[in-house]
Amino acid sequence: MNRAAIAVNRFGLGARADEAAPIDAKKWLLAQFDQYQALTPAWQNQPKTASLIADYADQLKQMRNADEDAKKSAKRMFLREVKDEYQLAVKARAESALNTQTPFVEHLVHFWANHFAVSIEKRGVADFAGAFELEAIRPFILGNFKDMLFAVEKHPAMLIYLDQTKSIGAQSMAARHGAERQPDKKRGLNENLAREIMELHTLGARSGYTQTDVTEFARALTGWSIAGIGNDKNSTKNNTVEANGFAFRPTLHEPGSFNIMGRNYSQTGRAQAEAVLADLASSAATAKHIATKLARHFVSDNPPDNLVDKLTKVFLQTGGNLSQVYRALIDAPESWQPAPAKFKTPWEWVISSLRGLGKQNLDNVNIAQIMNQLGQPTWKPGSPAGFDDIADTWAAPNALLRRIELAQRLVAPYGDKLDARTLGDKLLMGAISQQTQTAIARSESATTGLALLLVSPEFLRR
């Protein structure tokens, strides 16, 4: 791969036939920082969290007040609406990627959305998954890591996904009153959000924290909830509500000071967990964890230690300034090795294929269904760790067979419109092998040649 191909296909989302290759690869990447739009045309009609919460709460209220037959009917209708909204959000995500003028930054959106993974498998998350990416990821992609961290952990999608709305401090006012009214009902702490913040979102596994630290952090997080949904939903007195639906509920909060990783946090209310988050965001362990994941995603499944060290150093020196970390990634010689070391995930492959074919809208394509078929359903990873982005996960023979079958469907409308040999040179920018050129030349039809291009070793990697 030459430098233009690396910029477009490794850092970006894949070449488009109607766009010229960048003359200065680094300059092209860096210029995108000033051109990026968080709210692209594709996302503009997507509902915001505040309206989704209002609709969600209204639907729940209707179902609670309905008789059994009406309740079943309302539930079916609600689930259909949620499915439709989810598919429209996935379509918006994909169309934004197809039409973006800032493909490197758009690629970073996908990276961070996977780093801070939520899953529609959890009931309630599907309604908010698109809004989560739109509101908690996209606006913060070029800013400070701490700001994105705060936005993510306060978003209803994350709070629902990791059961934070169910967490109640054992000595909180709500727990004491609940025990008096219903002594047999269990109420208590939920550690999911605290654990995943430390293990996945910030410090990383085996970075020195203990189970006691997780428990203490979970206590500090009690009270973090959603306006109109979850525990204590009927009590609004003294609640702090933000525009995105986040609510701090004092009656759920565990009183007292907490010691987390050797540091005492004596703040009161919501400020207590915010102080912990701020310290986690600036930790050296967090810097190394983020640096490692960025290097692994963009450069190599086994990133060089010296590259990780460079990115870690910049993260710490700039206080988590993500734009500066990306600049360091672009400046590093390790990022420009010509061998295509990264195997495309299903999402990366589909987007680069559609971009290569010149697709701009998906009115006749169910992209959510396609991602299900390829084994990487959007916003539905198997765990809070998100999807893997290493070759061992995606390069199995059966996975490749699914790509071959899909490639044939994708190229069907283009057989008499595109020449695979010309398109291959344009998209791969000179990195197409003689073997692939020969296979395309010998293909039985123009459509088959296009499909062969999309599943060629050169196109499958970046």
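Residues numbered from 1 in each chain as written. Predicted model: local features only at pLDDT ≥ 70, side-chain atom pairs only at ≥ 80, totals over all residues. Heavy atoms only, no water.

## Describing the overall build of the protein chain
- Along its length, the protein chain carries 23 helices and five strands.
- The C-alpha atoms of the protein chain give 24 Å as radius of gyration, which agrees with the globular expectation for 462 residues (23 Å, within 12%).
- Considering only C-alpha atoms, the protein chain reaches an extent of 80 × 60 × 40 Å along its principal axes.
- Split into buried and exposed, the 462 residues of the protein chain put 54% on the buried side.
- Intrachain contacts of the protein chain at a sequence separation of at least 6 include 74% that bridge at least 24 residues.
- For the protein chain, the accessible surface area stands at approximately 20200 Å², while carbon and sulfur atoms represent 49% of it.
- Seen as two clouds, the 55 positive and the 49 negative side-chain charges of the protein chain have centres 1 Å apart. (Helix = DSSP H or I, 4+ residues; strand = E, 2+ residues; numbered from the N terminus. Rg over C-alpha atoms; globule rule 2.2 N^0.38 Å. Buried < 20%, exposed > 50% of the residue type's maximum accessible area, 1.4 Å probe, protein only. Contact = heavy atoms within 4.5 Å. Areas by Shrake-Rupley, 256 points an atom, 1.4 Å probe, with all protein chains shown as cover. Lys, Arg positive; Asp, Glu negative; His and termini not counted. Charge placed at Lys NZ, Arg CZ, Asp CG, Glu CD.)

## As for helix 14 (residues 305–317)
- Along its 13 residues, helix 14 runs 18 Å from first to last C-alpha, staying within 8% of the 18 Å computed at 1.5 Å per residue.
- All of the buried residues in helix 14 are Leu 307, Val 308, Leu 311, Thr 312, Val 314 and Phe 315. Angularly, the buried residues of helix 14 cover 165° about the axis, an arc narrow enough to put them on a single face. Structural note: helix 14 exposes Asp 305, Lys 313 and Gln 317 on the side pointing more than 90 degrees away from its buried face. (Expected span 1.5 Å × (residues − 1). Arc of directions from axis to C-beta.)

## What about the environment of Leu 307?
- With respect to the helices, strands and loops of the structure, Leu 307 is situated in helix 14.
- For Leu 307 and Ser 335, which are 28 residues apart along the polypeptide, the C-alpha to C-alpha distance reads 8.4 Å.
- Residues contacting Leu 307, with those up to four places away along its chain left out, are Ala 295, Val 299, Leu 329, Ala 332, Glu 334 and Ser 335.

## Considering the packing of aromatic side chains
- According to the stated counting rule, one finds 16 aromatic pairs in the structure shown.
- Ring geometry for Tyr 86 against Trp 379: centres 6.1 Å apart, planes inclined by 65°, an arrangement best described as edge-to-face. Separated by 293 residues along the polypeptide, Tyr 86 in helix 4 (residues 68–99) and Trp 379 in the loop between helix 17 (367–373) and helix 18 (391–394) bring together distant segments of the chain. Comparing Tyr 86 with Trp 379 shows no difference in burial state: the two are buried.
- On the basis of an interplanar angle of 20° and a centroid distance of 5.9 Å, the ring pair of Trp 112 and Phe 116 is categorised as stacked. (Phe/Tyr/Trp six-rings, centres within 6.5 Å; stacked < 30°, edge-to-face > 60°.)

## Focus: the nonpolar core
- Trp 112, Phe 116, Ile 141, Phe 217 and Trp 349 are the most contacted members of the largest nonpolar core, which has 139 residues in total.
- Broken down by element, this core gets its largest block of residues, 10 residues, from helix 4.
- Excluding residues within four positions of it along the chain, Trp 349 makes contact with Lys 344, Leu 374, Arg 403, Leu 406, Ala 407, Leu 454, Val 455, Phe 459 and Leu 460. (Core = buried A, V, L, I, M, F, W, Y, C linked by side-chain atoms within 4.5 Å.)

## Overview of helix 11 (residues 211–221)
- Summarising burial for helix 11: eight of the 11 residues are buried, a large majority.
- If you check which residues of helix 11 are buried, you get Asp 213, Val 214, Thr 215, Glu 216, Phe 217, Ala 218, Ala 220 and Leu 221.
- The inward-facing, buried residues of helix 11 contact helix 10 (192–201), strand 1 (224–226), strand 4 (258–260) and helix 12 (270–281).
- One or two steps after helix 11, the chain reaches Gly 223, where phi turns positive at roughly 100°.

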